[in-house]
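# Coordinate inspection notes
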Amino acid sequence: MNDAVEAVKALAIGFATTFKHLFRKPITEEYPEYKRPLPARSRARIILTRDPDGAERCVACYLCSAVCPVSCISMQSAENEDGRRYAQWFRINFARCIYCGLCEEACPTSAIQLTPEFENCENDILALVYEKKNLLVDHQGKDKEYNYYKYAGVATEVGKKGEHVKEERPVNIKSNLP
Amino acid sequence: MPTIIIDDREIEVAPGTKVIEAAEQLGIMIPRFCYHPALGSVGACRVCAVKFLQGPFKGVQMSCMVDAQDDMVVSTTDKEAVAFRKYVIECLMLHHPHDCPVCDAGGHCLLQDMTVSGGHGIRRYLGKKRTYPDQYLGPLIQHEMNRCIHCYRCSRFYQDFGGYHDLGAMQSANQTYFGRFEEGILESPFSGNLIDICPTGVYTDKPSRYFGRRWDYERSPSLCINCSLGCQTVVSCRYRKVVRQEARLSESVNGHFICDRGRYGFFYNSLAQRPRSCIVDDQTTSVDQALAAVKQKLETFADKDRAQAVACAGSTRNSLETLAMVKHVCQTNRWQPPAYFEDAAATYKLKSAISRLEPDLTVSLREIESADFIAVLGADPLNEAPMLALALRQAQRKGATVAVFDPRPIFLPFEFKHLPANLDMIQTDLGALLNAALEPAALKKLDGSAREFYASLATVKQISAARQAEIVALAELLKASQRPIIVCGTEMVRRQTPALAADYALLMQAAGKSVGLFYVMPGANGFAAGLLADEDVSVETLIAGIEKGSIKMLILVESNPLWQFPDRHRLEQALQQLEVLVVMDYINSEVAQKADIFLPTTTLYETGGVYVNQEGRAQGVKPAYQGGIPIAQTGHGDHPPRVYGTEIPGAEPQAAWQLLAHLIGTGQPLTAEDLRAEIWQWLAKIDSGFKALPCVADIQPQGARFFQAPHAAERFLRERPIGGADNDGQLEVMAVEMTFGTEELSADSACLKALAGSPVIFMYSSDAKQLNLTDGDRVSVELNGGAVEARLQVTANMAAGMLIIPRHKDLDWQKMNTDKTFVHKDQIRKLKD
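Residues numbered from 1 in each chain as written. Chains lettered and ligands numbered in written order. Predicted model: local features only at pLDDT ≥ 70, side-chain atom pairs only at ≥ 80, totals over all residues.

### Thoughts on the overall build of chain B
When its secondary structure is counted, chain B shows 29 helices and 34 strands. The C-alpha radius of gyration of chain B comes to 29 Å, within 12% of the 28 Å expected for a compact globule of 833 residues. Expressed along its principal axes, the backbone C-alpha trace of chain B runs to roughly 85 × 80 × 60 Å. Scored against the burial criterion, the 833 residues of chain B give a buried share of 54%. Residue pairs in contact within chain B that sit at least 24 positions apart in sequence constitute 72% of those at least 6 positions apart. (Helix = DSSP H or I, 4+ residues; strand = E, 2+ residues; numbered from the N terminus. Rg over C-alpha atoms; globule rule 2.2 N^0.38 Å. Buried ≥ 20, exposed ≤ 12 C-beta atoms within 10 Å, placed from the backbone. Contact = placed C-beta atoms within 7 Å.)

### Describing the sheet that holds strand β3 (residues 49–54) of chain B
Residue and element names in this part refer to chain B. Taken together, five strands build an open sheet; the order of strands is β2-β1-β5-β3-β4 and the sheet is mixed. Among the strands making up the open sheet, the edge pair consists of β2 (9–12) and β4 (59–62). The average angle at which neighbouring strand axes cross in this sheet is 35°, direction not considered. Across four bridges, strand β1 (residues 3–6) lies against β2 in antiparallel orientation. (Pairing = 2+ DSSP bridges. Axes fitted to C-alpha atoms, helices over the stretch in contact; angles between N-to-C directions.)

### Here we look at the nonpolar core
As a rule of thumb, nonpolar side chains are buried together in soluble globular proteins. Within the largest apolar cluster, 263 residues are counted, with the highest numbers of intra-cluster contacts made by Ile374 and Leu377 of chain B. Looking at which element gives the most residues to this core, the answer is helix α17 (residues 497–510) of chain B, with 10 residues. If sequence neighbours within four positions are ignored, Ile374 of chain B has contacts with Ile368, Leu392, Ala395, Ala400, Val402, Ile485 and Val487 of chain B. Ile47, Cys61, Cys64 and Cys68 of chain A belong to the second-largest nonpolar core, a separate cluster that totals 38 residues. (Core = buried A, V, L, I, M, F, W, Y, C linked by C-beta atoms within 7 Å.)

### What to know about the domain arrangement of chain B
Here chain B is partitioned into domain 1 (3–92), domain 2 (126–270), domain 3 (278–341 + 535–637 + 648–704), domain 4 (347–521) and domain 5 (730–831). Each of domain 1 of chain B and domain 5 of chain B has a C-alpha centre, and the two are 55 Å apart. (Domains from an automatic or database assignment.)

### Here's the deal with the interface of chain A and chain B
Opposite the 32 residues of chain A that make contact, chain B presents 33 residues. Residue assignment for the side of chain A that touches chain B shows that the elements contributing at least two residues are α2 (63–67), β2 (73–79), β3 (85–93) and β6 (167–170) of chain A. The greatest single-element share of the side of chain A that touches chain B, amounting to four residues, is contributed by β3 of chain A. A per-class count over the side of chain A that touches chain B returns 17 nonpolar, seven polar and eight charged. Relative to strand β6 (residues 129–131) of chain B, β6 of chain A runs parallel, the two sharing two bridges. (Nonpolar A, V, L, I, M, F, W, Y, C, P; charged D, E, K, R; others polar.)

Here it is, written out as structure tokens:
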């Protein structure tokens, strides 16, 4: 007798809960009608950022292409008139990319960054091969401050020898004074 | 033989071996910056510290400064030593500019490796960094002094090893600087080695600046074909382009280093103007169609009598496979015998040199370093074979005397004795030296012909009075010498000189000296071409045939006579008279542009090949990459074309020997591998010395020394030119090779063009005085074929009665007409500036 009461009670509570939810606002977010903002650190489409002065951050050092486990990054480095090393062309094959983020981790200049933007499906597979003009953006991405050439001791328009962060004036090589 | 224990492992080493070398023999790489096997130890960097646990002394010591001795027990992993090395690395990194991402050494940087492996990952020093200004060091080397760790390798190589003094240490203490006093182009033609030996990125390669990383390069062992020495190299390819060439350690040829001509002589391979498609009558066609066109033309000459109207020429830059195939095609099709050289004298000189290279006389380039007296006869080491000059320098550093018998204004980066005389007198002078140096007692042992030869040598009294004292002084040194070596040129010298050099060597050998003989030859494969050449056939005889009308069709295989032939006008006329001119080449040579049918061929880097250097060392090379148009060219400076494809663009060219095989018979041509095997078999029939070659083609690191099959070479020449004839106020003109700019392949390298400079004509000081000319005057010299103009350089450091003209591109030296020509003194005029 007791068991039967318990069973009916449980059923009643269950149905009551279901009935109650019939009148609640749904919490499911309908994609693509609603696009939820993802955390900044989520890993999707890759961009090439610029430093705070607006110049390209990428120095085409080949570290991202070296670390890439699926070899989807290729580039050609070259030298600018002002002595900066830059990528003559830079290509990422997103058909191959696994969005692991190792390139971002390897990048010594904060140039290559992954963004939350994940909607980059294409019908034509060649359209997934992004060239530099598709990758380069006009902002700093997640790193708002860093300008590599302010720290590296090579002469560019950012600073001559001895003008970078924590540098002495260049040595006078024609003197023997310590 | 001391026995030493390193990390619980025992090894017996030769006396004088440093602990760091002993460890290396065990396979233990002790960190090092300043130590280099070729440069020795200085103990400057302190990074090779190890702990000595037992033995003559104990504690942390520099392993590069301590000789391995008995009872020594060494630990490389002792806590104290590891901590010591870690602090040293941290100190070396205090002022490092942290610019690895934009440094071309990144990826193969010793400092990077040591920093990481030494455990110094986080920077603790918060003070300011020292900085240095950089210098312009010429078109080959980029300078970035901030990265320097003061190991002194550069100045030790440049000054001590190389013998040049315009780069070295300046300033003092913590501000020591390595560079030039005034910035400018480095004088040493070995400067490129600074890039290889610098343990970090102070000196980096300028032509390949910012091109890529070492880990991305397809690297493979290769060979330098810019002179006859055949130095071993490593080439780096990337994106279908040869990017860099570095020295490969070779114990028998070049040691650790190569010269700049070799290092930067590969750019012809990836030039935009390199021909990559066949051209028939100015129309681009496929290889098959072009071959069909050649065959169709050949059909006219199919019958026996007409076949002689076809001639074929190779050159000394052909691989052995191509050289052999050229000869094979000519023989099979009954064409004229092939020509490999400009004139018959060159063939004769090479043939006599090759036949005189006996096993117990021949020395390798590295063996020159152990000589104690070196007589250079008719060769200009720095200009004809630059690495020879570096080898001579090493011998001289060890105390050898170097005497150069040559009319040219010779410069060598060390102290040597130059005895300039004209081409007849140089051998007389050397004969007189031998005459004075050999003890009469030793000569009693000589057999008949040797004694006769000795008796015919000039005595010291017979040579010019001014020279006598020098010869007598040298004779004293030669008398005391145990290991004399004769280095002999084969290009400029008289017909008998190479054979005479061998006779001189034999004479010294008979007198009890352990003597060596070393020839310098023209071109990378001059030895093999000399072996295969027919004695009386040369480009000159082909031209004569064309002029007579007996030759109507000419096939030039990787050969450009317009570059080298001394009578340009005559050659151009002859080429026009031809009915058909077929050219196969991998450079866009002048003669290729005149061809009726042009077929592109592949380079050494694309198909490999065997090259025989001047001592007869056959060295094989495998392809470095697959060929095709560089991506930089297909992309026109931007990204590669966005197309899918399985074929390599611009990969149509085939090896010259493969193309030639199509011209034999009508059957299906063999595969490349079978064809190669057939070539070796066929070569072995010509000379049994070639039997060892198939193994060379599989790359033996040291190659295989080729000796001509036993033969009866004529020893001890009887007829010898005795020089000294007065030229009646005439000057003998000599067109000579320079380090940069006169060698055909390296002349295509843009970075070497600045080093070639503008042409100068050299004249002896008293000759110039007679003509009222001074150094720096612009002069016009009336040669047989017209006037040439250049600036005059007056020097006392050359033979009188000579006019030395470099075979510079900007100078019409090919107006000479013959290779031996005289100008009368009034044919030289001073021009207004």
